[in-house]
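# Structural overview
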Amino acid sequence: MVYIIGFLTLVFLVLTIMVIARLQNVLKGVKSDDKTDGTPPGNRLNANLFILFTILSILGVIFTYVSAKADFLPEASSIHGRRVDDLFWFSMGVLAIPFLIVNFLLFFFSYKYQYKPGRKATFYPENHRLEIIWTAIPAVVMALLVFTGWRAWSDITSDAPSDSEVIEIVGKQFNWIVRYGGVENNQLGNYNYKLIDAQNEIGIDLTDENSLDDFTNNTEIHIPVGRPVLLKIRARDVLHSVFIPHMRVKMDAVPGMPTRFWFVADKTTNEIRAELGDPDFDYELACTEICGRGHFAMRMRVIVEDEASYRKWVSEQKTFLQTYPAYLAKVPDNLKAKAMKYLPAEPTAAPADSTTAQAPDAAAAAPGASASLR
Ligand SMILES: [Cu+2]
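The shown structure was predicted, so the numbers you read here are calculated from the model rather than taken from an experiment.

### Focus: the overall build of the protein chain
Along the protein chain, the regular secondary structure elements total 10 helices and 10 strands. Sorting the 374 residues of the protein chain into buried and exposed places 20% on the buried side. Looking at the protein chain alone, contacts between residues at least 24 apart form 65% of all its contacts between residues at least 6 apart.

### Points about the environment of valine 26
With respect to the element layout, valine 26 can be found in helix 1 (residues 2–31). Looking at valine 26, the number of C-beta atoms within 10 Å reads 13, which means it is partly exposed. Distance in space between the C-alpha atoms of valine 26 and proline 41 is 6.9 Å, their sequence separation being 15 residues. Apart from residues lying up to four places away in sequence, valine 26 is in contact with Pro40 and Pro41.

### A short note on the pairing of strand 10 (residues 299–305)
Pairing of strand 4 (residues 220–224) with strand 10 involves five bridges; the strand directions are parallel. Bridge pairing links proline 224 to glutamate 305 in strand 10.

### Quick word on the sheet that holds strand 1 (residues 165–172)
Here five strands make up an open sheet; going across it, the order is 3-2-1-5-8 and the pairing mixed. A strand with exactly one partner marks an edge of an open sheet, and here the two such strands are strand 3 (215–217) and strand 8 (259–264). Averaged over all adjacent pairs, the angle separating strand axes in this sheet is 25°, with direction ignored.

### Let's talk about the packing of helix 3 (residues 79–112) against helix 4 (residues 128–157)
Packing of helix 3 against helix 4 brings their axes to within 11 Å, and their N-to-C directions diverge by 165°. When the axes of helix 3 and helix 4 are compared, the pair comes out roughly antiparallel. Handedness of the helix 3/helix 4 crossing: left-handed. Contacts from His80, Arg83, Val84, Leu87, Ser91 and Val94 in helix 3 reach Val141, Leu145, Thr148, Gly149, Ala152, Asp155 and Ile156 in helix 4. Counted by class, the contact of helix 3 with helix 4 contains seven nonpolar, four polar and two charged residues.

### Here's the deal with helix 2 (residues 43–68)
Since there are 3.6 residues in each turn of an α-helix, residues three or four apart along the chain are aligned in direction. Helix length check: helix 2, at 26 residues, gives a terminal C-alpha distance of 37 Å against a target of 38 Å (1.5 Å per residue), a fit within 8%. The buried fraction of helix 2 amounts to zero of the 26 residues, a small share that puts the element mostly on the outside.

### Some details on the nonpolar core
Phe263 and Ala265 are the most contacted members of the largest nonpolar core, which has 46 residues in total. The residues touching phenylalanine 263, leaving out its near neighbours within four places in the chain, are Ser78, His80, Ile156, Val229, Met247 and Val249.

### Things to note about the confidence of the model for the protein chain
Do not read the fine detail of predicted coordinates wherever pLDDT is low. Mean pLDDT over the protein chain works out to 84, with 89% of the residues at or above the 70 mark. Of all helices and strands in the protein chain, the one with the weakest mean pLDDT is helix 10 (residues 369–372) (38), whereas strand 6 (residues 240–244) scores best (94). pLDDT under 50 marks residues 350–374. Its contacts with residues more than four places away, or in other chains, come to 26 contacts.

### Comments concerning the sheet that holds strand 9 (residues 283–287)
Pairing between the strands of a sheet is mediated by backbone hydrogen bonds and can be parallel or antiparallel. Taken together, the five strands give an open sheet; going across it, the order is 4-10-9-6-7, and neighbouring strands pair in mixed fashion. Of all the strands in the sheet, the pair left with one neighbour each is strand 4 and strand 7 (249–253). Between one strand and the next, the sheet's axes are offset by a mean angle of 20°, whatever the strand orientation. The sheet contact formed by strand 9 and strand 10 spans four bridges and is antiparallel. Note on strand 10: the bridge partner recorded for alanine 286 is arginine 299. Of the strands in this sheet, strand 4 and strand 10 are in contact with helix 6 (residues 307–315), which crosses strand 4 at around 135°.

Quick notes on the rules
Residues numbered from 1 in each chain as written. Predicted model: local features only at pLDDT ≥ 70, side-chain atom pairs only at ≥ 80, totals over all residues. Helix = DSSP H or I, 4+ residues; strand = E, 2+ residues; numbered from the N terminus. Buried ≥ 20, exposed ≤ 12 C-beta atoms within 10 Å, placed from the backbone. Contact = placed C-beta atoms within 7 Å. Pairing = 2+ DSSP bridges. Axes fitted to C-alpha atoms, helices over the stretch in contact; angles between N-to-C directions. Parallel < 35°, antiparallel > 145°, perpendicular 65-115°, else oblique. Left-handed = near helix turned anticlockwise from the far one by under 90°. Nonpolar A, V, L, I, M, F, W, Y, C, P; charged D, E, K, R; others polar. Expected span 1.5 Å × (residues − 1). Core = buried A, V, L, I, M, F, W, Y, C linked by C-beta atoms within 7 Å. pLDDT = per-residue confidence, 0-100.

Written as structure tokens, this is what we have:
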């Protein structure tokens, strides 16, 4: 790369010197030398160079497109993702085709209407109809593009359908924490940033009944296929951004300003693995906002699965209270009985090595505790 830039610099330097030298010739010609037909020196050469430049540019465009194609976003695995792609390619067409035509003409006319002795330029002062046409058509096309883009955007950010799976995702330096509505009632409980500590990393508010069966995950996010998923997005410290490239999901996570994004994934992890012939393939969720030195590691696996497997996975998760039973102390008295359901089968106060012996005691102490655990 450095060599190419160095080489190009040299070429342009030589060209600049040549142009300056020629300019001096031209000036001399204007001043004294009137014996020619008035054709400036290099007239034909310059005209031909315009054609050469046109051809090289078109080849360059094709080359960069083909060589960058491998880095384009993969085929979308969500409904709105395909819509976004269609909009992208439609906009690309609307912009690229006139761009190519106009630029081709610009260079071609420079060649075609090169100086010829005796030929005079036409004086064409104004044409109102032409001006109206070239103002109105782009205005209408641009308005259409903006309108279709705005509709796609407002669909994504509007209220999610009522059957959506609501999942909270919180960015922090440097990982994502996903919270689910729970193994039982599927309702996200409240949160409060003041409750954040070493274990309760996202400030789950255990005074809210809905929080009791919530569970979190720091390594992977499971979502059901074919059903809307609403991501409630927050950040704990600095700007982060949720990016699931295959789903065309991208939304900033802003401290103090919750954002949202809903989408429908329509290809399971197993389906895309089979399609790609890669049994190890995984969808990825990555942070796409430089957020500090650990930014590169802010990624997690996204597992898209059918409703039954998803439900099964949810029911197998350890609730936050199960993982950190000490937080039972934060549960208000009137909810304590309910919270006991989500505690580990054996009380943490008991010695760790006597689990088999005291399991029945635990069940007696907390009626229904062992029975309701999965
Ligand atoms: Cu980041």
